[in-house]
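# Coordinate inspection notes
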Amino acid sequence: MNSVSQIVTIVAVVVGAGMSYLVTALGDRTRDRREVARNWVDRKLDAYTRYADDAKSLAMVARQMAAGLGLHDAAPAAAGIPDLRAALSEAELRRSASYEAVKLLGDAGTLRATRELNETVHRLEWIASDKLPATPAQWQLSWQLYAEAAEEFRRNARAELGIPGSLLPRGDWAEPVLPADRGDVGARTSAAT
């Protein structure tokens, strides 16, 4: 009886050690998978942020050039920048490079939105470079399509990354105005001096 009880004790210890090992191994495996998934999400966030920034930079340089062509007055023409064509070319190179990371990491919805954003940014670039002559109304429509494509890209990227909430609706642009004179501003200024 004594040897039977010793064998049962040894078997119980071996089974307990085996179960402990299995539970620990499964926990480590799950933790490692979660960490790898988190790393991919971080890389996607970096890639999407970089691409969105590069696409916007390209659009903003194109916008300044279009203002110089007289296509709109929503942004001042950049008279102080000697070579906007070089800036446009540099912005396109950055956008193109960051697009490669998005192609590697993005899901189908984000890639469709990225492709649409690329098309709209290229249209702005060509109009601003005067390779695609346009009227002010065509520029305005092209800019609106760019803004919509940029929002769609952000929506898809947020959904893919699991970012809760939604984007605020885009407002119409209005020319900046100075605040109204409130009358009490002068009184506070003279009291402070």
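Now for a quick tour of the structure. (Residues numbered from 1 in each chain as written. Predicted model: local features only at pLDDT ≥ 70, side-chain atom pairs only at ≥ 80, totals over all residues. Heavy atoms only, no water.)

## Some points on the packing of aromatic side chains
How we decide: Paired rings are identified among Phe, Tyr and Trp, the last through its six-membered ring, by centres lying within 6.5 Å, and are further divided according to the angle between planes into stacked (under 30 degrees), edge-to-face (over 60) and tilted (the rest). Segments assigned H or I by DSSP are reported as helices when at least four residues long, segments assigned E as strands when at least two residues long, and all are numbered from the N terminus. Three labels apply to residues, based on accessible area from a 1.4 Å probe with only protein chains included: buried if under 20% of the type maximum, exposed if over 50%, partly exposed otherwise in between. A ring has a charge above it when a Lys NZ or an Arg CZ is no more than 6 Å from the ring centre and no more than 35 degrees off the ring normal.
Counted by the stated rule, this structure contains five aromatic pairs. Note on Tyr51 and Tyr99: the rings are 6.1 Å apart at their centroids and 45 degrees apart in plane angle, and the pair reads as tilted. In this pair, Tyr51 is assigned in helix H1 (residues 2-68) and Tyr99 in helix H2 (residues 84-105), connecting sequence segments 48 residues apart. One exposure class covers both Tyr51 and Tyr99, and it is buried. Note on Tyr51 and Phe153: the rings are 5.2 Å apart at their centroids and 65 degrees apart in plane angle, and the pair reads as edge-to-face. With Tyr51 in helix H1 and Phe153 in helix H4 (residues 136-161), the pair connects residues that are 102 residues apart, well separated along the chain. Chaining the aromatic ring pairs together yields one cluster made of Tyr48, Tyr51, Tyr99 and Phe153. Its end group placed over the ring of Trp40, Arg43 keeps NZ or CZ at 5.3 Å from the ring centre. One Lys or Arg, Arg63, reaches over the ring of Trp143 and ends 4.7 Å from the middle of that ring.

## Some remarks on unusual backbone geometry
With phi around 65 degrees, Asp130 is a residue other than glycine that occupies positive phi space. Among the secondary structure elements, Asp130 is positioned in the loop between helix H3 (108-128) and H4.

## Observations regarding the nonpolar core
Using the following cut-off: Each nonpolar core is a collection of buried residues, namely Ala, Val, Leu, Ile, Met, Phe, Trp, Tyr and Cys, held together in the definition by side-chain atoms within 4.5 Å. Contacts are assigned to residue pairs that have any heavy atoms within 4.5 Å of one another.
With 31 residues, the main nonpolar core has Tyr48, Tyr51, Leu117, Leu124, Trp139 and Tyr146 as its most contacted residues. Top contributing element to this core by residue count: H1, with 10 residues. For Tyr51, the contacting residues outside a window of four places in its chain are Arg95, Ser98, Tyr99, Val102, Thr114, Leu117, Asn118 and Phe153.

## Points about the side chain of Thr114
Along the chain, Thr114 turns up in helix H3. Overall, Thr114 belongs to the buried group, its relative accessible area being 0%. Sequence-distant contacts of Thr114, that is, excluding residues within four places in its chain, are made with Tyr51, Tyr99, Val102 and Phe153.

## Re the side chain of Ser129
Stated precisely, the cut-off is as follows: Throughout this description, a polar contact denotes any pair of N or O atoms lying within 3.5 Å of each other; where both atoms belong to protein, one of them has to be capable of donating a hydrogen while the other can accept it, and for residues adjacent in sequence the pair is counted only when both atoms sit in side chains.
Note on placement: Ser129 falls in the loop between H3 and H4. Owing to a relative accessible area of 11%, Ser129 belongs among the buried residues under this scheme. Here the side chain of Ser129 touches Glu125 through a polar contact of 2.9 Å, landing on its backbone oxygen. The contact partners of Ser129, leaving out residues within four places of it in the chain, are Met65, Arg85 and Leu88.

## Some points on the packing of H2 against H3
Our working definition: Simply put, an axis is a line fit to the C-alpha atoms, just over the touching stretch for a helix, and the angle between two N-to-C directions goes from 0 to 180 degrees. By definition in this entry, angles of less than 35 degrees are roughly parallel, angles greater than 145 are roughly antiparallel, angles of 65 to 115 are roughly perpendicular, and the rest are oblique. Residue polarity follows a fixed list, in which Ala, Val, Leu, Ile, Met, Phe, Trp, Tyr, Cys and Pro are nonpolar, Asp, Glu, Lys and Arg are charged, and the others, Gly among them, are polar.
At a minimum axis distance of 12 Å, the contact between H2 and H3 shows a crossing angle of 170 degrees. In this view, H2 runs roughly antiparallel relative to H3, as classed from their interaxial angle. Where H2 approaches H3, its residues Leu88, Glu92, Arg95, Tyr99, Val102 and Lys103 are matched on the opposing element by Leu111, Thr114, Asn118, Val121, His122 and Glu125. Considered class by class, the residues forming the contact of H2 with H3 number five nonpolar, three polar and four charged.

## Remarks on the pattern of salt bridges
To be explicit about the condition: By convention in these notes, a salt bridge is any Lys or Arg side-chain nitrogen within 4 Å of a carboxyl oxygen on Asp or Glu.
Applying the stated rule across the entire model yields seven salt bridges. As a salt-bridge pair, Arg94 and Glu90 come within 3.2 Å of each other at their nearest N and O atoms. Of the two residues, Arg94 and Glu90 both sit in helix H2, four residues apart, roughly one turn of that helix. Across the salt bridge formed by Arg95 and Glu92, the nearest N and O atoms sit 2.7 Å from each other. Highlighted residues: Arg95 and Glu92, both in helix H2, separated by three residues, approximately one helical turn. For Arg95, a relative accessible area of 3% puts it in the buried group.

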